[in-house]
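A closer look at the structure
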Amino acid sequence: MPINSKIPQGELSKKWTTYKSTCKLVNPANKRQLEVIVIGTGLAGASAAASLGELGYKVKTFCFQDSPRRAHSIAAQGGINAAKNYQNDGDSTYRLFYDTVKGGDYRAREANVYRLAEVSANIIDQCVAQGVPFAREYGGLLSNRSFGGTQVQRTFYAAGQTGQQLLIGAYQALERQVALGNVKQYSRHEMLDVVIIDGKCRGVIVRNLVTGELERHFGHAVLLCSGGYGNVFYLSTNAMGSNVTAAWKAHKKGAFFGNPCYTQIHPTCIPVSGDHQSKLTLMSESLRNDGRIWVPKKQNDTRKATDIPEEERDYYLERRYPAFGNLVPRDVASRAAKERCDAGYGVGSSKQAVFLDFASAIERYGKVEANKQQMSNPSREQIIAMGKEVVKEKYGNLFDMYAKITGENPYEVPMRIYPAVHYTMGGLWVDYELQTSVPGLYALGEANFSDHGANRLGASALMQGLADGYFVIPYTLGNNLADDIRTKAIPTDHPAFEEAEKAVRERIEKLMSIKGTESVESFHKRLGKIMWDKCGMARNAQGLKEAAEEIKALRKEFWNNVRIPGDINEFNPELDKANRVADFMELGELMCIDALHRSESCGGHFREEHQTEDGEALRHDEEFLYVAAWEYKGESNFELHKESLDYEVVHPTQRSYK
């Protein structure tokens, strides 16, 4: 079946402008009759709900946390990209578009990426107007820093807590609409199925996580803004609650899943410290802006970092990629760190870490400060002290976090970092309008596959979430709802609602009736180990085939031996977790199937059989220049649909950061 991505005709740079000028509109009186459901209240969900409420739609939002402010978007640290060219360093909409397509290893849809670059500048103005406290230069202008995969400074930031500040801005906009009565917010509610009536998505079944009751909610359209699925690996930088359930339920009701094998491994995380760990902590990529990454030149060197002289250090990113140095994209930086550690140059007790060193940045900033203060002959101690103050201002909360977790002072000794699972570029397949293959069902932000190809550039997640919610969905949703203004609200005693609720209840009862001996957590951990070992930073055909079979066996064991204490009709976090892990087990198998079928390396998907002589990803454009959109056909049965990627403006070449 051919896939219709609904990309508008015409020149790339004019597609979105033309679309906005010609799409159908819904008049204000009709908007008040139309109901929209938003699942998830992170940056994509909160911005979409606030925008649609402002427009006059009747909106309901659902989040499983106790407050929308606890969405995982809050954890983003380093910044948000926008092509404003404040630095006058050559940035432009086109360059942001080009960097994003190249960074994604030519596996993203051109039209969506160009639109993202185009609306990026508006996001900053919107957030400043909301009071987001972006960092500013001495004169009051907004400050920018560099991020991986770019040679310009286009990343706006609020110290190391950009996600938190942006989410508070979106949350305030959302709460304003709640106060006005345009949005109804349901916290501690988890979506467990979508309801399809006459081929259109018309509502959801949600579970009240406090009472255990199932509820039915009607909507003319449903927006899934439920984030990514990195927790399929168990250990990841995601919040413990982050899951794939909303997207997976939609997938099982007919929504195609796009490129599930594309997982981002973030290069700067605090290394695993033991078997007891349940999550990993991210150190913002912005640290690579000023920090230098290195390992000892000697294998199995056990000396302290400060005892290793300069000439015995290998600044391997600067050596291998002179043009970008420490600012290569995440997939490249992650693989390079793995290669050094595998070759015996790793540091720390586990030998699975590399150094991220701020000594030269501290010295450089200290000298600048000394010049500012016209100090003629400052001592080294004075320079270092002033440099530390500058670094503290830029990255202080990140340094504090590292010190708390590791007990080491990163101002005095280099940080130790190692790659970890972070963002997922795959997600529900959507067209240009962000609509899935199920009419009336949309996916925004990390829940969709659309903008990042095989690898996301740092600081682009916040950009995409807010672009989708504030600036894209208000137009594209209206274009489709204009045909729905005669549809009255469908009562929730409709047979489709009853059937969906019955299926959800039966699954919950089945889970509770198993009464096995092994905890949900241990099954999740075992799944994560299979995924990381065989579908992680590097994959090969043999390992992927084994992983798919191991996951099937684990799933069978789960449904026969999981232990869930407590009851259904009460607050029961173990039951919630069991529901989510069951979905992860199905997704894990599809990820391995997708990774096996894609016999090439690109971005976050590195197949060991497909690499250049110097270990870089080797794409096969003649065979794989398409989005893999998988349709669910029953247990362990998925059908592949291909959306070919036609590049009109940027022509795929071998990616080089040298």
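Preceding this paragraph is the structure being described.
Attention in this report is confined to the structure presented alongside it. Please read these numbers as outputs of a predicted model, since none were measured by experiment. Position labels on residues start from 1 in each chain and follow its written sequence. Local features in a predicted model are, by the rule used here, given only for residues with pLDDT of at least 70; side-chain atom pairs are given and counted only at 80 or more, and totals for whole chains, interfaces and linings are based on all residues. Computation of side-chain values covers all heavy atoms of the structure but excludes hydrogens and water.

Ring pairs shown here join Phe, Tyr and Trp side chains whose ring centres sit within 6.5 Å, with only the six-membered ring taken for Trp; geometry is labelled stacked below 30 degrees between planes, edge-to-face above 60, and tilted in between. A full pass over the atoms with the stated rule returns 25 aromatic pairs. Measuring from ring centre to ring centre gives 6.3 Å for Tyr106 and Tyr647, while their planes differ by 80°; the resulting arrangement is edge-to-face. With Tyr106 in the loop between helix 4 (93-103) and helix 5 (110-129) and Tyr647 in the segment after strand 21 (638-644), the pair connects residues that are 541 residues apart, well separated along the chain. Residue exposure (1.4 Å probe, protein chains only): buried if accessible area is under 20% of the type maximum, exposed if over 50%, otherwise partly exposed. On the accessibility criterion, Tyr647 (11% relative accessible area) is buried. Ring centres of Tyr632 and Phe638 lie 5.8 Å apart, and the angle between their planes is 65°; on these two criteria the pair is classed as edge-to-face. With a relative accessible area of 13%, Phe638 lands in the buried category. Pairwise contacts between aromatic rings join Tyr229, Trp248, Phe257, Tyr632 and Phe638 into one cluster. The rule is short: NZ of Lys or CZ of Arg within 6 Å of the ring centre and within 35 degrees of the ring normal puts a charge over the ring. Over the aromatic face of Tyr315 sits the side chain of Arg292, whose NZ or CZ is 3.8 Å from the ring centroid. The cationic tip of Arg364 hangs over the ring face of Tyr365; the distance from NZ or CZ to the ring centre is 5.0 Å. Helix numbering and strand numbering both begin at the N terminus, where a helix is a DSSP run of H or I of at least 4 residues and a strand a DSSP run of E of at least 2.

So, about the sheet that holds strand 13 (residues 313-314). The sheet built from five strands is open, its strands ordered 11-15-14-12-13 with antiparallel pairing. If you trace the sheet from one side to the other, it starts and ends with strand 11 (263-269) and strand 13, each paired once. Direction of pairing for strand 12 (residues 292-296) relative to strand 14 (residues 354-357): antiparallel, over a ladder of three bridges. Opposite Ile293, over in strand 14, you have Leu356 as the bridge partner. Strand pairing follows a simple DSSP-based rule, namely that at least 2 bridges must link the two strands.

Phi is positive for Asp105, which is not a glycine, with a value near 55°. Along the polypeptide, Asp105 turns up in the loop between helix 4 and helix 5. Residue Asp105 is classed as buried on the basis of its relative accessible area, which comes to 2%. Although it is not a glycine, Gln374 sits at a positive phi angle of roughly 50°. Looking at the element boundaries, Gln374 is found in the loop between helix 11 (359-372) and helix 12 (380-406).

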